[in-house]
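What the coordinates show
Given next are the chains, with one letter for each unit.
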Amino acid sequence: MGLLNRTVIARTRGAVPREAAIAADLLRPAGLLPPAQVGAFAVTAWRHDGAHLLWVLEHAGAKVHALAGPRSDSDGAWLRTATWNISYRDGAFSPELGDVLSALGAALQQASDALQVDAAAATLRWFTRPDKDDVLEVSPGKKLYVRVTDHCDEKCLFCNATEGNANIVPSKTALRSLVARIPAGKLSQVIFSGGEPTLVKALPEMVGLAYAAGARQIIVQTNGVALAQPGALEAYLPYKDRLGIGFSLHATDALLSAQLLDHPDLLRHDAKLTAIDRAVALGFLVKITCVVMRPNLAQVPAFARWAWERWGTGLARLQFSYAMPRGNAWLNKHLVLRFSECVGPFGEAFAFGREVGLRIETSQSCCVPPCVMPDDVGHYDIYGDFAGTVSDPERCKPSEVCGGCNWDRICAGVWKRYIDVNGTSELRAVTDRPEPPVAIDDFVQPEVLDLTDC
Ligand code: SF4
């Protein structure tokens, strides 16, 4: 079962394997978890650097790093125990440090003896990267995307699933096993996506598993067509209190919609509207996402008014997303917008939302960078901390423009491809406004969830 795409596999290469298990099974019994005191040194931090356990030790204002790895006679070590190589770096040697390294080695050996772990077992248990089938990518904001299929019955001009998608689960059996192991309570959202997830017949059952596992919020992202079938939405009613349905809908009329979906069947549009009507009537939390490219840009303000007239307060959110230059959108470059072109239509829609009390927003990641629309930052769906870096290796924050920007933490960065084509002239560091209020609880970098460590 291959769950991860190339980007995520690259990212996991340096990931800490089974950190929670190491702390609980080995370091706590050994008395080596911060803020431990070992001899004259305070243990102030620890981490796994991929090949070693590494502690930061402090004594009389000086810092030194102690390292432990599975015993190997070919690697250099200051001390060898039956199971461990112990060494140090980044600090001056002293008799006190020698005492600490000896004590650390003895404590580790005692704890690993209690577990009956020798060097080979330690390597396997604590120093081998999780198999790629045992890890999932968790997106910023503690969101877990579970892609239950990469098949889709549409071919949207902007689809980015065609260029790298993480967490693809190819079978019902695999999905059952996966969902059963997800520590759903630790996540803010479990998002069933694809491809088109409603093509998987077992989807309601899978949603039920995530619900039973305690997911705080579950989202089904769908084009909605299958949910227009009689009884289709009713299958999700038992989970309604924690389930949201995110419909993708990109135009108010069938013709423009079909153009964006690259699909000749005009009746699909009616089916989508029927599904949204019924979801609203059944009281589901309903969000609509409209991805914006050149053909539907001018319609954005009218779309907002039309959606309000049709669904009113039955609509929890309406999101206008910028079509990022990936996948199909990048193959249709002539339809990809410049950031500055979005400012007017998006701003008009946001103003309408404020006027009538409908939450109209743009996503944090599929967005025009916030510095391009600084007056509308209140309409960004902000959920992640990208400070000093970017979560997506295909984006960047050019230091000559972004240096000193107060909004670094709420900005996902700019696609390098966009800058290659359009440059950076639309960007400017925000220095005259503070960072907007954000829910700090869910501020996380993208991370790798090791299912064997849960
Ligand atoms: S200046 Fe850079 S960091 Fe600041 S909002 Fe714009 S793109 Fe993001």
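As the structure is a computational prediction, the values presented were derived from the model and not from experiment.

So, about the overall build of the chain. Counting secondary structure elements, the chain contains 13 helices and 18 strands. Here the contacts in the chain between residues at least 6 apart in sequence split such that 71% fall between residues at least 24 apart.

Let us now look at the site of the ligand. Surrounding the ligand, one finds 14 residues, the nearest of these being Pro369, Cys371, Cys402, Cys405 and Cys411. Split by residue class, the shell around the ligand holds twelve nonpolar, no polar and two charged.

Turning our eyes to something else, we now look at the confidence of the model for the chain. For the chain, mean pLDDT is 84; residues scoring 70 or higher make up 82% of the total. Model confidence for the chain, summarised as mean pLDDT per element, is weakest for helix α1 (residues 6-12) at 39 and strongest for helix α9 (residues 300-311) at 98. Confidence drops under a pLDDT of 50 for residues 1-17, and excluding neighbours within four residues, the segment shows 38 contacts in the predicted structure. Segment residues 440-446: pLDDT under 50, and 17 contacts once partners within four positions in sequence are set aside and those in other chains are kept.

What follows concerns the pairing of strand β9 (residues 189-193). Within β9, five of the five residues are buried, which leaves the element mostly enclosed by the surrounding structure. Residues Gln189, Ile191 and Ser193 of β9 are buried on one face, and the alternating residues Val190 and Phe192, pointing to the opposite face, are buried as well. For strand β8 (residues 143-147) and β9, the ladder comprises five bridges, and the chain directions are parallel. Residue pairing in the sheet places Arg147 in a bridge with Ser193 of β9.

For strand β11 (residues 243-248), the tally of buried residues reaches five of six residues, placing the bulk of the element in the interior. Note: strand β10 (residues 218-222) against β11, five bridges, orientation parallel. Residue pairing for β11: Gln221 is matched across the bridge by Gly246.

Further remarks concern the sheet that holds strand β5 (residues 79-80). In space, the six strands of this open sheet follow the order β1-β2-β3-β4-β6-β5, with antiparallel pairing throughout. Sheet topology places β1 (37-38) and β5 at the edges, where each strand pairs with a single neighbour.

Another point: α9. Over its twelve residues, α9 runs 16 Å from end to end, which matches the ideal 16 Å to within 8%, given 1.5 Å per residue. Those residues of α9 not exposed but buried are Val300, Phe303, Ala304, Ala307 and Trp311. Buried residues along α9 cover an arc of 100° about the axis, so they all sit on one side. Packed against the buried residues of α9 are α8 (267-281), β12 (285-292), β13 (317-322), α11 (339-356) and β14 (360-363). Directly beyond the C-terminal end of α9, a positive phi value near 50° is found at Gly312.

Cut-offs and rules
Residues numbered from 1 in each chain as written. Predicted model: local features only at pLDDT ≥ 70, side-chain atom pairs only at ≥ 80, totals over all residues. Helix = DSSP H or I, 4+ residues; strand = E, 2+ residues; numbered from the N terminus. Contact = placed C-beta atoms within 7 Å. Near = placed C-beta within 6 Å. Nonpolar A, V, L, I, M, F, W, Y, C, P; charged D, E, K, R; others polar. pLDDT = per-residue confidence, 0-100. Buried ≥ 20, exposed ≤ 12 C-beta atoms within 10 Å, placed from the backbone. Pairing = 2+ DSSP bridges. Expected span 1.5 Å × (residues − 1). Arc of directions from axis to C-beta.

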